[in-house]
Amino acid sequence: MIQNELQVIKSAQLGNPTCFTQLVVAYQKQLSCYLLTKCFNSTDVEDVLQETFINAYKYIRSYNPQWKFSTWLYTIANRLVKKYNELYFQQNNLDTIERTSEIENKQPNKKNIWYHIRCMLSPNAFDIMWFYYVEEFNTKETARILHCSQSRVKMSLFRSKRKLAKNKNIKMLFQELVELELIL
Amino acid sequence: MKILNQDMIVQRLKSDANLLGKNCEFDVEERVLDQLKNIEIIDAHESVKSPRPIFKKIMIPLVGAAVLALFASQFIFPINTMDQTPSNLVLIDSAPSLISNNQIVIEAKTVNKVAEKLAIKEDMLFIAQVFSM
C-alpha cells in the first residue's frame, strides 16, 4: 500500500512516470495472482499485466477517486483478460470444454483452495469471490468491476459459499470434518 | 473437534491467493516504465467527445425510428392523415392507466417532439398514412 496514494495518482495524472511506477510496484503482485486464475498461460498473464498498466497510465485522467484505484485497475484488467482469452481461443480453435486457466495447468496448485474454487464455479462467480475475499472489495465495487448489479453479487456470493461448503475437496483442504455450511 | 471460524477461512482464501503467484514472479515494472516514455496521457473528456456526434447521428434516429415503429404497431390512427400535418395527429393507445372514454389521446406535441428531434416528419406521415388506410 502506498502512503498518500491519491497524491501519487495526481502526480501520475500530470504525466510523472516515476510516480506511476510506484503504483505499478504496489499493485503488480496482487494483480498477477488474479490474472493467473484468469489467463491460459503465463505469457498472457505478463502481457495483460503490462497492458493493464499501460492503459491505466494512458487514461489515468479519467480515474475517479470516488473509487479505489485497485477497483479501476481491475476493471481495465478484466476487460483485457476477455480480449486476450478470446484471441487465445480463436488462435487455438478451442471450445468451451477445453478452457483451463493457468492455475489449473499447474500440478502444485491442486492443493490450493482457489484451484478447486476455479473448477467448481463459473468464471463470473469465481471473480466475485476473489474480489470480495482476496481484494476485499465491497459488493458495490465488485459490481462495478464486473458490470453487474449489487444484488447479483450478493446472490452469487451466497450461492457460491453454499456450493463450496458442500464440496468434499474444500472440506478436505481444511482438514476438518466441520459443516462449513454453517460457518461460511 | 476444532471448529473453523469464518476468519480462518477468509485467511486461508487470502494466503492461498498469494501462494498462486509464488512460483511465477512477474516483474513488469521496467517494461512498463520503458513504454511510458512513448505514451501520451489521454484527456478523458477528449476521449469521450468523438463518439458522441456519431451516436447522435446514427443511434438516436435508429432508436427513434424503433419507437415510432412501436407507436405505429400499437396505436391506431383514427383520422385520415393524408392532408394532415404531424401536429394534427391523434394517436390512440390501449394503456389502461391513461384510458379516457375508451381511448387514449397521445398529445400531438409528443409526436411532434419525436418527429422534430429525429427530423423524420415525412417518414412519420408515411407511417400515419399507411395505418389510416
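Residues numbered from 1 in each chain as written. Chains lettered and ligands numbered in written order. Predicted model: local features only at pLDDT ≥ 70, side-chain atom pairs only at ≥ 80, totals over all residues. Heavy atoms only, no water.

### Thoughts on the confidence of the model for chain B
Residues and elements named next belong to chain B. Here is the rule we go by: The predictor reports its confidence for every residue as pLDDT, a score running from 0 up to 100. Secondary structure follows DSSP: runs of H or I at least 4 residues long count as helices, runs of E at least 2 residues long count as strands, and numbering of each begins at the N terminus. We call two residues contacting when some pair of their heavy atoms lies within 4.5 Å.
Scored by pLDDT, chain B comes out at a mean of 57, with 29% of its residues at no less than 70. Averaged pLDDT values over the elements of chain B bottom out at 38 in strand β1 (residues 91–93) and peak at 84 in helix α2 (residues 29–36). The low-confidence segment residues 76–108, where pLDDT is below 50, has 57 contacts with residues more than four positions distant or belonging to other chains. Predicted confidence is poor over residues 120–133, with pLDDT under 50, and the contacts of this stretch with residues over four places away or in other chains come to 27 contacts.

### Remarks on helix α2 (residues 17–38) of chain A
We apply this condition: To get the bend at a given residue, fit one axis to the seven residues ending there, fit another to the seven starting there, and take the angle between those axes. Whenever two N or O atoms come within 3.5 Å, that pair is a polar contact, provided that in protein one can donate a hydrogen and the other can accept it, and provided that, for residues adjacent in sequence, both atoms are side-chain atoms.
At A:Gln28, α2(A) shows its largest bend, some 45 degrees. Where α2(A) begins, the side chain of A:Asn16 points an oxygen toward the backbone nitrogen of A:Thr18, at a separation of 3.0 Å.

### Section: the side chain of A:Ser160
Note on placement: A:Ser160 falls in helix α9 (residues 150–165). In this structure, A:Ser160 is in contact with A:Leu121, A:Ala125 and A:Met129, ignoring residues within four places of it in sequence.

### Quick look at the packing of aromatic side chains
Residues and elements named next belong to chain A. Note the cut-off: What counts as a ring pair is set by centres within 6.5 Å for rings of Phe, Tyr and Trp (its six-membered ring), and what kind of pair is set by the plane angle: stacked under 30 degrees, edge-to-face over 60, tilted for all other angles. Type-normalised accessible area, obtained with a 1.4 Å probe on protein chains alone, sets the label of each residue: buried when under 20%, exposed when over 50%, and partly exposed for intermediate values. In this scheme, Lys NZ or Arg CZ marks a charge over a ring once it lies within 6 Å of the ring centre and within 35 degrees of the ring normal.
According to the stated counting rule, one finds 16 aromatic pairs over all chains in the structure shown. On the numbers, 5.6 Å between centres and 55 degrees between planes, the contact of Tyr63 with Trp72 is tilted. A single burial state applies to Tyr63 and to Trp72, both of which are buried. Members of the aromatic cluster, joined through ring pairs, are Tyr34, Tyr74, Trp114, Phe126, Trp130, Phe131 and Phe137. One residue, Arg118, lies across the ring of Phe126, its end atom 5.9 Å from the ring centre.

### Some remarks on the pattern of salt bridges
Going by this rule: When a carboxyl oxygen of Asp or Glu is within 4 Å of a side-chain nitrogen of Lys or Arg, the pair counts as a salt bridge.
For the structure on display, the rule yields eight salt bridges over all chains. For the salt bridge of A:Glu46 with B:Arg31, the shortest nitrogen-to-oxygen distance reads 3.1 Å. In this pair, A:Glu46 sits in helix α3 (residues 42–58) while B:Arg31 sits in helix α2, so the two residues belong to two different chains. For B:Arg31, a relative accessible area of 33% translates into the label partly exposed. B:Lys37 is the partner of B:Asp34 in a salt bridge, and the nearest nitrogen-oxygen pair spans 3.9 Å. Residues joined in a network through salt bridges with shared partners are A:Glu46, A:Asp47 and B:Arg31.

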